[in-house]
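A structural walkthrough
Each chain is listed here by its residues.
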Number of protein chains: 2
Amino acid sequence: MQSADVIIQADYVLTMDADLAVIEDGAVAVKGGRIAAVGKADEIGKRYTAAKVIGGKGKVAFPGFVNTHTHAAMVYFRGLADDLPLKVWLEEHIWPAEGRWLSPEFVSDAVELACLEMLRGGITTYADMYFFSDSGARATKKIGMRAVIGAGVVDFPTSTGRNADDYLANAERLIMEWRNDELIVPSVADHSAYACSPETLQKSAELAGRYGVPLQIHLSETGWEVGEVLSRYNKRPVVHLASLGLLNENLIAAHCVWLEPEEIELLAATKTGVSHCIESNLKLASGIAPVPRMLKAGIHVSFGTDGAASNNDLNILSEMSTAAKVHKAVSGDPTALSAKQAMLMATRWGAEALNLGNMTGSLEAGKTADIVLADLHKPHLMPIYDIYSHIVYSMNASDVETVVVAGRVVLDNRSLTTADESEIMAKAVEWGGKIRKQDSGITDIPV
Amino acid sequence: MQSADVIIQADYVLTMDADLAVIEDGAVAVKGGRIAAVGKADEIGKRYTAAKVIGGKGKVAFPGFVNTHTHAAMVYFRGLADDLPLKVWLEEHIWPAEGRWLSPEFVSDAVELACLEMLRGGITTYADMYFFSDSGARATKKIGMRAVIGAGVVDFPTSTGRNADDYLANAERLIMEWRNDELIVPSVADHSAYACSPETLQKSAELAGRYGVPLQIHLSETGWEVGEVLSRYNKRPVVHLASLGLLNENLIAAHCVWLEPEEIELLAATKTGVSHCIESNLKLASGIAPVPRMLKAGIHVSFGTDGAASNNDLNILSEMSTAAKVHKAVSGDPTALSAKQAMLMATRWGAEALNLGNMTGSLEAGKTADIVLADLHKPHLMPIYDIYSHIVYSMNASDVETVVVAGRVVLDNRSLTTADESEIMAKAVEWGGKIRKQDSGITDIPV
């Protein structure tokens with residue numbers, strides 16, 4: 001009889017491993033932050049004892065969701081401006097608000113709220129592109145989430161730098177500070193092929209490669225971007241990045257909406273990670289990424305929520321549901337993007353897209369214990385015929401009960417164990433009041 | 001000082017009236033099942049006293065959602081078969097399961113679960129098309145929801161009839177039984193222009209017209225339907241119904257996906273009610289209805305969840321969010337289908353589509369008190385800049401706290417006051433076990 005720290009039991013344990021094994025009346029034994037064993041609850045019970053046993057009847061356990069593209073701190077701009085053309089939204093609302101408000105304190109407070117929202121929706125790992133990244137990393141570490149934190153790189157001045165060299169220096173400082181952390185993976189985050197020069201892109205790739213950390217970028221998000229990059233470099237964005245040597249397993253490309261067949265082949269051949277941000281792309285009318293064709297090409301597409309200012313929540317469950325439905329209609333094929341594929345994209349493929357596939361994304365012995373326990377005993381979740389279908393098409397974020405990250409119970413029956421929720425929410429209300437006052441007139445609600 | 005039965009207070013009261021008035025720090029006084037007054041909380045407090053005062057800080061109140069197209073009893077087939085072509089799904093899974101299981105008891109038990117799910121998502125009124133309608137009506141009345149209950153009419157035999165005349169007789173019995181009920185509006189529900197002959201359609205319209213009850217129908221849901229009706233009658237479905245005299249304010253047409261411009265004009269000119277079932281249409285790859293064009297034509301489009309077997313929940317909040325996003329991408333216009341329009345479609349326009357506009361759909365003195373109170377103090381709902389955007393893009397069904405139908409608190413802090421929730425869910429689990437056993441093999445989860 002071996003001792004474990006925690007044993008998690010559930011009616012269904014979705015391992016999301018290579019065989020997509022689903023264990024009914026299953027259990028997961030956790031020890032030292034890692035998964036010690038996964039199997040039938042009675043067998044695990046014979047082999048392990050643990051002081052803490054959670055879950056049981058009416059529960060489902062699955063790997064924590066991986067959100068491969070967001071701007072966490074933007075939760076403070078949630079709903080600041082909606083139903084507007086991208087240019088107006090960005091140039092008249094978001095950028096001015098960022099210019100006015102961004103600071104280490106803003107990012108730190110906002111990221112705590114974002115982490116709370118993500119954990120409550122079953123997300124255990126996220127990839128972030130923003131500024132004041134060190135504050136974001138500290139806040140994430142405090143909450144106890146896993147994240148790939150990218151230091152933003154552009155060619156123009158912002159509150160965190162004057163030019164590309166400043167941003168690259170910020171990124172290198174972030175890497176030196178966090179490269180050996182258990183939860184935080186530092187990263188270089190190039191904004192895009194239109195906001196970063198070829199030289200900046202190559203310097204960024206060199207920096208990320210030198211330290212073996214992920215490189216993030218927005219890629220082919222809008223038709224405008226494709227036209228802009230074409231006019232500047234006479235190459236479409238993906239081809240442009242390929243010619244600069246940026247496409248490889250180390251790159252995570254967000255959006256990838258406007259792709260020619262040869263660009264899909266390039267992304268597949270180079271094993272470039274892709275983050276599909278369906279709800280953001282829909283809401284900003286950016287377009288609909290050719291996900292079924294990317295999947296056919298062998299690309300392991302993952303899900304990104306994007307920032308809460310563009311797609312007003314950080315909810316992978318709804319990204320799965322929306323994507324699995326929209327791609328059926330767009331392709332005219334009701335078998336396109338099945339519930340199982342959506343779950344793979346949200347878990348193991350997401351981890352692989354971030355080069356964390358050896359560490360998280362599935363429930364397998366040896367991997368870090370990033371586990372979600374959700375409640376199935378809800379009116380909207382019964383009866384049960386297919387557990388994948390239930391999670392993808394019927395489950396809501398509020399059905400997530402308990403979340404374990406690196407073996408630590410960070411959300412216990414929907415209560416955060418690592419920080420004071422009421423304080424996090426009070427700060428959000430306070431910041432919101434200040435921002436709303438300053439930016440009044442952008443909403444039709446009298447303030 | 002007048003006495004009221006209940007006073008509902010909230011940070012925001014969305015009236016959804018003609019002016020779309022939003023009252024901050026507002027209140028609604030309810031008396032005798034109707035709305036006595038709507039206004040600022042302090043003013044209502046000066047004019048009314050009530051034994052029961054609910055809501056307050058951090059809450060939002062709005063009219064109950066109107067679900068204008070569903071098959072409530074199909075919640076028992078939720079997730080029975082997904083990611084399949086419509087024909088396989090319907091002919092190999094849904095119809096056989098219906099043939100095997102439908103009975104008055106099945107419908108009664110299933111409708112109770114459906115009502116519980118709908119109330120928990122803020123739906124106070126729904127329109128139903130199914131069989132054993134009297135059982136559905138009784139179950140809905142017991143739960144205390146408002147519904148337009150349609151007696152299904154087709155030309156082929158089922159467990160409730162041999163031919164159209166049988167179904168029309170069922171419908172007339174339903175009408176005689178329920179025509180004077182406060183909550184239940186009986187209705188005639190023709191399946192479609194391909195499952196009902198012109199004669200059956202005209203008899204149905206005559207019956208509905210004679211008693212002044214709504215006529216429901218599935219219309220232009222799939223490309224196949226359009227081709228079938230064209231080949232039989234040499235007319236597209238909407239034109240076919242127009243030629244039979246079916247298009248008028250009394251008709252509620254579900255789906256309306258495949259429409260030519262002249263058909264949109266016909267629906268607008270005749271003030272025919274339209275139920276947009278975006279999630280079902282996406283998931284079954286039926287297509288995407290031209291909602292922005294219908295709205296431009298002046299059609300008051302509403303939302304329908306369709307049955308939970310096709311779109312695996314009964315959730316108008318997610319229909320709003322999905323529709324508001326998808327139509328932006330499809331039209332390439334990020335201003336298409338604004339959050340405000342989505343809320344109108346989900347409330348007042350839905351009531352108008354069902355000919356209940358004088359009774360429900362907005363918070364106005366004299367209307368019946370169908371009111372939702374939701375909690376805004378959640379991590380995914382802060383900060384707040386625009387309350388419409390928050391409800392449409394960020395709110396989840398689980399944020400709904402208390403629901404009032406005809407002045408009666410039927411859901412109190414998410415607990416059903418009119419029936420035993422645990423009993424309803426126990427029955428669902430029991431029926432599910434039987435159905436899963438019988439239909440095993442349709443899911444890849446070992447049972």
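Within every chain, residues take consecutive numbers counted from 1 along the sequence as written. Chains and ligands are labelled by the order in which they are written, letters from A for the one and numbers from 1 for the other. Whole-chain, interface and lining totals are the exception, using all residues; otherwise, since this is a predicted model, local features are given only for residues with pLDDT of at least 70 and side-chain atom pairs are given and counted only at 80 or more. Processing note: side-chain calculations cover all non-hydrogen atoms of the structure and skip hydrogens and water entirely.

Quick look at the pattern of salt bridges
For clarity, the cut-off: Whenever a carboxyl oxygen of Asp or Glu lies within 4 Å of a side-chain nitrogen of Lys or Arg, that contact is scored as a salt bridge. Each helix is a run of H or I in the DSSP string that is no shorter than four residues. Each strand is a run of E no shorter than two, and both are numbered from the N terminus. Burial classes: relative accessible area under 20% of the type maximum marks a residue as buried, over 50% as exposed, and values in between as partly exposed (1.4 Å probe, protein chains only).
This model, assessed by the stated rule, comprises 56 salt bridges over all chains. The closest approach of N and O atoms between Lys141(A) and Asp181(A), which form a salt bridge, is 2.7 Å. Placement of the pair is Lys141(A) in helix H4 (residues 133-143) and Asp181(A) in the loop between helix H5 (164-178) and strand S8 (184-192), with a sequence separation of 40 residues. The salt bridge involving Lys367(B) is made with Glu364(B); its shortest N-O contact spans 3.8 Å. The class of Lys367(B) is buried, set by a relative accessible area of 8%. It is possible to trace a salt-bridge network through shared partners that takes in Asp109(A), Glu112(A), Lys142(A) and Lys427(A).

Here we look at the interface of chain B and chain A
Put simply, the test is: Any pair of residues with heavy atoms lying within 4.5 Å of one another is described as a contacting pair. Here the quantity called buried area is the total loss of accessible area, with a 1.4 Å probe, experienced by two parts when brought into contact, counted for both.
In this assembly, 67 residues from chain B lie in contact with 68 residues from chain A. Of the roughly 5,500 Å² buried at the junction of chain B and chain A (both faces included), carbon and sulfur atoms supply 62%. The largest share of the area that chain B buries against chain A comes from Asp83(B), Pro379(B) and Tyr385(B), three residues that together contribute 15% of it. The closest approach of N and O atoms between Lys325(B) and Glu279(A), which form a salt bridge, is 3.4 Å.

Focus on empty space enclosed by the protein
Rules: Cavities and pockets are found on a 1 Å grid laid over the protein atoms alone: a cavity is a set of points where a 1.4 Å probe fits but cannot escape, a pocket is an open set with protein on both sides within 12 Å along at least five of seven lines, and a lining residue has an atom within 4 Å of such a point. Grid points are joined across faces, edges and corners, and a volume is the space filled by probe spheres set on the points. Side-chain classes are defined by residue name, with Ala, Val, Leu, Ile, Met, Phe, Trp, Tyr, Cys and Pro counting as nonpolar, Asp, Glu, Lys and Arg as charged, and the others, Gly among them, as polar.
For the structure on display, the rule yields 3 cavities of 30 Å³ or more. Space inside the largest cavity adds up to approximately 360 Å³. As for the largest cavity, its lining consists of 27 residues, of which Ser318(A), Asn396(A), Asn315(B), Ser318(B) and Asn396(B) are closest to the centre. Listed by contribution, the elements that provide at least two residues to the lining of the largest cavity are helix H12 (316-331) and helix H15 (387-394) of chain A together with helix H12 (316-331) and helix H15 (387-394) of chain B. Residues belonging to the lining of the largest cavity are distributed by class as follows: 9 nonpolar, 12 polar and 6 charged. The volume enclosed by the second largest cavity comes to roughly 40 Å³. Forming the walls of the second largest cavity are Ala73(B), Val107(B), Val111(B), Asp128(B), Tyr130(B), Phe131(B), Phe132(B), Ser133(B), Gly136(B) and Ile149(B). For the lining of the second largest cavity, the secondary structure elements donating two or more residues are helix H3 (104-120), strand S6 (123-130) and helix H4 (133-143) of chain B. A class-by-class count of the residues in the lining of the second largest cavity yields 7 nonpolar, 2 polar and 1 charged.

Some thoughts on helix H2 (residues 86-101) of chain A
The following threshold applies: Bend angle per residue: angle between axes fitted to the 7 residues ending at that residue and the 7 residues starting there.
At Ile94(A), H2(A) shows its maximal bend, which comes to roughly 30°, and the proline Pro96(A) appears one to four places after that position. Check the buried side of H2(A) and you find it contacts helix H3 (104-120), strand S6 (123-130) and helix H16 (421-438) of chain A.

Here we look at the sheet that holds strand S12 (residues 301-303) of chain B
Residues and elements named next belong to chain B. Heads up, the rule is: Any two strands are treated as partners once DSSP identifies two or more bridges connecting them. Angles shown run from 0 to 180 degrees and are taken between the N-to-C directions of axes, each axis being a line fitted to C-alpha atoms and, for helices, limited to the stretch in contact.
Strand order in the open sheet made by the 8 strands is S5-S6-S7-S8-S9-S10-S11-S12, with parallel pairing throughout. Bordering the open sheet on either side are strand S5 (65-70) and S12, each of which pairs with just one other strand. Across the sheet, the mean angle from the axis of one strand to that of its neighbour is 25°, orientation sign disregarded. Inspection of the sheet shows strand S7 (residues 146-153) paired to strand S8 (residues 184-192) by 7 bridges, in the parallel sense. In the strand pairing of S8, Gly-152 is matched with Ala-189. Lying on the sheet, helix H5 (residues 164-178) is in contact with S7 and S8; it crosses S8 at an angle near 165°. Relative to the sheet, H12 contacts S5, S6, strand S11 (273-276) and S12, its axis offset from that of S5 by approximately 80°.

Digging into the confidence of the model for chain A
All names here are of chain A. Stated formally: Looking at any residue, its pLDDT shows the predictor's confidence there, from 0 to 100.
When the pLDDT values of chain A are averaged, the result is 95; 98% of them are 70 or greater. Below pLDDT 50 for its whole length, residues 440-447 participates in 15 contacts with residues either more than four positions away or in separate chains. What the predictor reports for the complex is a pTM of 0.96 with an ipTM of 0.95.

With respect to the packing of H3(A) against H16(A)
All names here are of chain A. We apply this condition: Every angle not falling under 35 degrees, over 145, or within 65 to 115 is termed oblique; those three ranges are roughly parallel, roughly antiparallel and roughly perpendicular. Handedness of a crossing follows from how the near helix is turned relative to the far one, being left-handed for an anticlockwise turn of less than a right angle and right-handed for a clockwise one.
Running from N to C, H3 and H16 cross one another at 125°; their axes reach a closest spacing of 10 Å. Considered as vectors, H3 and H16 are oriented oblique to each other. Here H3 and H16 pass one another in a crossing that is left-handed. Across the interface between the two elements, Glu-105, Phe-106, Asp-109, Glu-112, Leu-113, Leu-116 and Arg-120 of H3 pack against Glu-421, Ile-424, Met-425, Lys-427, Ala-428, Trp-431 and Ile-435 of H16. Per-class residue counts for the contact of H3 with H16 are 8 nonpolar, no polar and 6 charged.

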